[in-house]
Every structure is written in structure tokens, then in C-alpha cells.
Amino acid sequence: MSVVQVMLGDRSYPIAIRSGSLVDVGAAIAKELGTTRALVITTPRVAEAHGGAVATGMARVHLSSARLLVPEGERAKTLRVAARLYDELVELGCDRASVLVGLGGGAVCDVTGFVASTFLRGVPLVQVPTTLLAQVDASVGGKTGVNHPRGKNLIGTFYQPRLVCIDPDALATLPPRLRRSGMAEVIKVAAIWDAAFFAWLEANLAAAMNLEREPLEEAITRAVAIKAEVVGLDDRPARAAQLRAHLRARRRERGGLPRRHPRRGGRDGDGVRRGDLRVARALPGGDARAARGAAPARGPAHHPARLARATGRLPSRDLGR
Ligand SMILES: NC(=O)c1ccc[n+]([C@@H]2O[C@H](COP(=O)([O-])OP(=O)(O)OC[C@H]3O[C@@H](n4cnc5c(N)ncnc54)[C@H](O)[C@@H]3O)[C@@H](O)[C@H]2O)c1
């Protein structure tokens, strides 16, 4: 089993990746969250293919569970479906000691995350993605949302799960079209972010596409690790902390004295650099280069800004400057 950690301070969480692990999702929830009640949101297709394994595993560890069905695909991502889920959660007596589990593709992850973040102002969330796209992208990072008639994902929140459980074996029932679109995402992040991973994919892509366990697990793990890294860099509170430290450092530098006063002490920017480094240590992986906005060691070809432009995920790193 591989475990990738998303580093977000007190909102950090593990992503566990192991073939054949759907039946152990219950045990992982019991261990990680200590809850005794799970409400599983899924689609009829996924429920039929994989709901049994998840429910069996939950019963095995005495985790009581109920299943809430949503429509397939984008039809799950509406305020109407969210409202119906709220009704069902009220009926079932869902409280903050319960956990919402999103079992399905990216659409299920998005609507489950949205409902979890808004019901009772937030209940614990676990994502169990069953498409490749959801495993390497939608289930990680805390973006939730539903669609508006005027546009996709217009309504949503940022809300991190407490745990993500990925079973690559779940992809066996996936239509080839969805397998291909998920793999396109894997290739994209490798091309932008990690040359060694891209080279590895060139040699192992066919085996991963054929769902051979080892290469598929490896491909998912490496793609998830990149997403987790990006999520850490993209974290709003971390960036807000960076801004606060920057402003504090600026005040310290000035020491209440005019900007160019000889007794001010320290070169302009020294305090800021110290502030940046302090924040850097708190950032994912403690990467001081990332906090300073410099290119990581991978080289210019893998500068985060390139990923930002390609994916539109990273906000301006000039925040506060
Ligand atoms: N939140 C994010 O960061 C993020 C990132 C990327 C995509 N998304 C969202 O994800 C959605 C697309 O997700 P998707 O590509 O996973 O498709 P999807 O969630 O729409 O699922 C497609 C279909 O496959 C079925 N399915 C899921 N797993 C299956 C399995 N193992 N076997 C058989 N059928 C299965 C689903 O029930 C559905 O009918 C979009 O709404 C997109 O906006 C969100």
C-alpha cells in the first residue's frame, strides 16, 4: 500500500492507495476518524459494482452504514440533488459524529464534498473515488461543487476530506473511454511536473492501461503525489499566513521608522525573507523555494508557474507583494 500525505497543517490528511482495498474502507474510516456511522453517497452503477464490498467491510468493523443514491454523472451535481441529500441526512439523523462517504466518480466526489461542507456547517468527509480521473484529481484537494444552469461548477466550496481511499481495482468496471480520459490527466501532470515520471509512463503506460496492478498503482500514486504537492502550494490559509508573515516582517523592518531612516536596521527585504522562510517551513514539505516563489530543483521545465498556467490551479504567487 502507498500512502500520500496532503500537507495542510491541521487539515492534513492521508490518501491510501492499494489494490483490493474497497473492502477495507470501513476499517480505515474506523481507525482514522473513530466514527461509528457512515452515510455512503453513490450512483446506482457504482453501488451495483462496488457498493457491496464497501458495505461488507463496514459491517465487519461494526460501522453502521446507509446508502444514499444520486443520479449518474453530471446529473448528480445540482442544487436539487444536494437539497434532496440534505433531506435524507436530516431523516437519517446525520450529525457531526457521522461521516459522509463519496463513493464514485468526480461528480459524486464533488456533490458529496459540497453537501458535507454545508450540512451542519460541515461534517466529516471521506472520498472513495472509483474513476481514474476522480482518483488522481477530483477526490484530492478539497474543491467541491455543483453546477448552475448557466455554468459548470458555479456553486461550490473548499473543504478537505479527512481521508481518501483509492482502490485501483475499482477501475476494472470502468468503460474504456473513462479509463482513457483519466489516463490523459495522469500524462498531463507528468508532462508538466515530473520528467522522470513522464519517462516512466512512456515505458509503462500500456501495462497501466491494461490495469496491471503494479504499474497502475504506481501511476496513480505518482500522479496523486503531484496533486497533493500542488494542493499544498495552492492552499489559501497557507498563502494567507504567508501574506501575514510578509506584512509583519515589513513592519518589523521599518521598526516604526520611516522607510529610509538610517536606524531602521537590516536591508530592505531581510525581514520579509525571514518571514517567508518561517512560513516555508510550515508549508507542504517545508519547501522554502516554493514559499519564495522560486523554481524548485526540478528545473525551469517544471516550474510551478507552468503548471499554474496549464491547469489554472495556482493563484498568483505575488500575493501581498
Ligand atoms: N473537484 C475537483 O477538483 C475536480 C477535478 C476534476 C474533475 N472534477 C469533476 O469530476 C466530474 C467528472 O468525473 P468523472 O470523469 O470521474 O466522471 P463521472 O463522475 O461523471 O462518472 C462517469 C460515470 O461513471 C460511473 N462510474 C464511476 N466509477 C465507476 C466504476 N468504477 N465502474 C463503472 N462505472 C463507474 C459513474 O457512476 C458515472 O455514471 C466533473 O463533474 C468534473 O467537474 C472535479
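Since the structure is predicted, the reported quantities are computational estimates derived from the model, not experimental observations. Every chain is numbered independently, its residues counted from 1 as its sequence is written. Local features are withheld for residues below a pLDDT of 70 in this predicted model, meaning they are given only at 70 or higher, and side-chain atom pairs are given and counted only at 80 or more; totals for whole chains, interfaces and linings count all residues. For side-chain calculations, the full set of non-hydrogen atoms in the structure is used, while hydrogens and water are omitted.

K.L.:
Please provide a residue-by-residue account of the pairing of strand E9 (residues 163–166), values included.
P.N.:
Burial classification: accessible surface area is computed with a 1.4 Å probe over protein chains only, and a residue below 20% of its type maximum counts as buried, one above 50% as exposed, and the rest as partly exposed. Only runs of H or I of at least four residues qualify as helices and only runs of E of at least two qualify as strands under DSSP, and these elements are numbered from the N terminus. Going residue by residue along E9, you find Leu163 and Cys165 tucked away on one face and Val164 and Ile166 tucked away on the opposite face as well. In this analysis, strands are considered paired if DSSP registers two or more bridges between them. Two strands pair when backbone bridges link them, and strand E2 (residues 13–17) and E9 are joined in this way by 3 bridges, in the parallel orientation. Residue pairing in the sheet places isoleucine 17 in a bridge with isoleucine 166 of E9. Summarising the sheet, strand E6 (residues 125–129) and E9 pair through 2 bridges and their orientation is parallel. From the neighbouring strand, glutamine 127 faces E9, where its bridge partner is valine 164.

K.L.:
Could you give an account of the site of the ligand, with specific residues and numbers?
P.N.:
Near residues are defined by distance, with any heavy atom within 4 Å of the molecule or strand qualifying the residue. The ligand sits among 25 residues. The nearest are Glu72, Glu74, Thr130, Thr131 and Thr173. What qualifies as a polar contact is a pair of N or O atoms within 3.5 Å, subject to a donor-acceptor requirement within protein and to the restriction that residues adjacent in sequence count only when both atoms come from side chains. In the environment of the ligand, an oxygen atom lies 2.8 Å from a nitrogen or oxygen atom belonging to the side chain of threonine 43. Side-chain polar atom of aspartate 110 to a nitrogen atom of the ligand: 2.8 Å apart, as the coordinates give it. Throughout, the Shrake-Rupley method with a 1.4 Å probe supplies accessible areas, and for residues the shown protein chains are the sole cover considered. When the ligand is considered free in solution it has 870 Å² of accessible area, and contact with the protein chains removes 86% of it. The set of elements that each furnish at least two residues to the shell around the ligand consists of helix H2 (44–60), helix H4 (106–118), helix H5 (132–138) and strand E8 (151–155).

K.L.:
Just give me the short version of the nonpolar core, but keep the residues and values in it.
P.N.:
The nonpolar side chains of a soluble globular protein tend to be buried with one another. Residues grouped as a nonpolar core are buried Ala, Val, Leu, Ile, Met, Phe, Trp, Tyr and Cys residues, joined through side-chain atoms within 4.5 Å. Grouped together as the largest cluster of nonpolar side chains are 32 residues, with contacts concentrated most on Val6, Ile15, Phe197, Ile220 and Val224. If you list the elements that add at least two residues to this core, you get strand E1 (2–6), E2, H5, E9, helix H6 (176–193), helix H7 (195–209) and helix H8 (213–234). A per-element tally of this core places H8 first, with 10 residues. A contact between two residues is defined here by any heavy atoms of the two lying within 4.5 Å. Residues contacting isoleucine 15, with those up to four places away along its chain left out, are Ser2, Val3, Val4, Val6, Val140, Val164, Ile166 and Val224. Membership of the second largest hydrophobic core comes to 20 residues, among which are Val70, Ala82, Val111 and Ala116.

K.L.:
Requested: an account of the packing of H6 against H7, with residues and values cited.
P.N.:
The convention used is that axes are lines fitted to C-alpha atoms, helices contributing only their stretch in contact, and that angles between N-to-C directions extend from 0 to 180 degrees. Put simply, H6 and H7 touch, their axes get as near as 8 Å, and they point 160° apart. For the element pair H6 / H7, the angle class is roughly antiparallel. Two packed elements cross with a definite hand, and for H6 against H7 that hand is left-handed. Counting all contacts with H6, which are made through Arg179, Arg180, Met183, Val186, Ile187, Ala190, Ala191 and Trp193, the residues of H7 involved are Ala195, Phe197, Phe198, Leu201, Leu205, Ala208 and Met209. Considering only residue class, the contact of H6 with H7 consists of 13 nonpolar, no polar and 2 charged. Roughly parallel here means an angle under 35 degrees, roughly antiparallel means over 145, roughly perpendicular means 65 to 115, and every remaining angle is called oblique. When the near helix sits turned anticlockwise from the far one by under a right angle, the crossing is termed left-handed; a clockwise turn instead gives a right-handed crossing. Residues are grouped as follows: Ala, Val, Leu, Ile, Met, Phe, Trp, Tyr, Cys and Pro are nonpolar; Asp, Glu, Lys and Arg are charged; every other residue, Gly included, is polar.

K.L.:
Give a description of the packing of helix H3 (residues 79–91) against H4 that names residues and reports values.
P.N.:
Axes are the key here: two packed helices are described by the angle between their axes and the distance separating the axes. Contact geometry of H3 with H4 gives a least axis separation of 10 Å together with a crossing angle of 55°. Between H3 and H4, the angle is such that the two are oblique. The handedness of the crossing between H3 and H4 is right-handed. The residues of H4 that touch H3, namely those facing Leu79, Ala82, Leu85, Tyr86 and Leu89, are Val111, Phe114, Val115 and Thr118. When its residues are assigned to classes, the contact of H3 with H4 shows 8 nonpolar, 1 polar and no charged.

K.L.:
I'd like to hear about the pattern of salt bridges, residue by residue, with values.
P.N.:
One side-chain nitrogen of Lys or Arg within 4 Å of one carboxyl oxygen of Asp or Glu is enough to make a salt bridge. Applying the stated rule across the entire model yields 9 salt bridges. Residues glutamate 74 and lysine 152 are paired through a salt bridge, measuring 3.0 Å at the closest nitrogen-oxygen approach. Highlighted residues: glutamate 74 in the loop between strand E4 (64–69) and H3 and lysine 152 in strand E8, separated in sequence by 78 residues. We classify lysine 152 as exposed; its relative accessible area is 52%. Measuring nitrogen to oxygen at the nearest pair gives 2.6 Å for the salt bridge that ties aspartate 137 to lysine 227. Here aspartate 137 is found in helix H5, whereas its partner lysine 227 is found in helix H8, with 90 residues between them in sequence. Take aspartate 137: its relative accessible area is 13%, and that puts it in the buried class.

Nothing here speaks to function; it is geometry throughout.
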